[in-house]
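Here is what each chain is made of, one letter per residue.
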Amino acid sequence: MFRIGTGFDVHAFKAGNSVKLCGVKIPFHRSLAGHSDADVALHALTDAILGALALGDIGLHFPDSDMKWKEADSAIFLNWSMEQVKKRNLELSNIDLTIICEKPKISIYREQMKQNLSKLCPLEYDKINVKATTTERLGFTGREEGIASICSILLHETD
Ligand code: MG
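Here is a short report on the structure shown in this document. (Residues numbered from 1 in each chain as written. Predicted model: local features only at pLDDT ≥ 70, side-chain atom pairs only at ≥ 80, totals over all residues. Heavy atoms only, no water.)

The next point concerns the packing of aromatic side chains. Taken as a whole and judged by the stated rule, the model has 5 aromatic pairs. Each ring, one from F62 and one from W69, has its centre 4.9 Å from the other, and the planes form 80°; the classification is edge-to-face. Ring-pair connections join several aromatic residues into one group, and the members of that group are F62, W69, F77 and W80. One cation-aromatic arrangement involves K114 over Y125; the distance from NZ or CZ to the ring centre is 4.4 Å. (Phe/Tyr/Trp six-rings, centres within 6.5 Å; stacked < 30°, edge-to-face > 60°. Lys NZ or Arg CZ within 6 Å of the ring centre and 35° of its normal.)

Right under this line is the structure:
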């Protein structure tokens, strides 16, 4: 049995000096606004996992009205969703994650992001892809107003 899931998320920039993507802190002249640590990439991944499990979305389980999740490490959301995967005797087949922004440049952090996802999930490094793209200066990411991320994942039954 296979279960497929997709996730999408956006966070706007605010004043600050770093952004967190896939749990990796990247020095930048702005930060991402959000109730939690605003790790847009981990949110897209978590939503993809919840999607595959038919468990709603990240906002359902970790509402931004709950002060418990104020400035929370988004790895908590990912860990919880992976616990739900395990409970159902499923495991990740692969992760394909895309980060959409003009800046910061993602390419130099790609390996670090893959290694971090590999540790967090956990999942073998060669089953994780992190892609980066721009929108050719079009739209809100093109105007450098924020960062978007999309993610696809596949789950399969454990042996
Ligand atoms: Mg989010």
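There's plenty left to go through after this.
A separate point is unusual backbone geometry. Outside of glycine, negative phi angles account for most residues, and trans bonds account for most peptide bonds. The amide bond that connects K103 to the next residue, P104, takes the cis arrangement and shows omega of 0°. Mapped onto the elements of the fold, P104 is located in the loop between strand 5 (90–100) and helix 4 (110–120). Positive phi outside glycine occurs at C22, with the angle close to 55°. Relative to the assigned elements, C22 resides in the loop between strand 2 (18–21) and strand 3 (24–27). For A38, which is not glycine, the phi dihedral falls at a positive 60°. Turning to its location among the elements, A38 is positioned in the loop between strand 4 (30–32) and helix 1 (40–52). Taking relative accessible area as the criterion, A38 reaches 1% and is therefore assigned buried. (Helix = DSSP H or I, 4+ residues; strand = E, 2+ residues; numbered from the N terminus. Buried < 20%, exposed > 50% of the residue type's maximum accessible area, 1.4 Å probe, protein only.)

Take the side chain of H156 next. By the element assignment, H156 lies in strand 7 (residues 146–157). At a separation of 2.6 Å, a polar atom in the side chain of H156 contacts the side chain of S93. The contact partners of H156, leaving out residues within four places of it in the chain, are M1, F2, N89, L90, E91, L92 and S93. (Polar contact = N/O pair within 3.5 Å; in protein donor to acceptor, adjacent residues only side chain to side chain. Contact = heavy atoms within 4.5 Å.)

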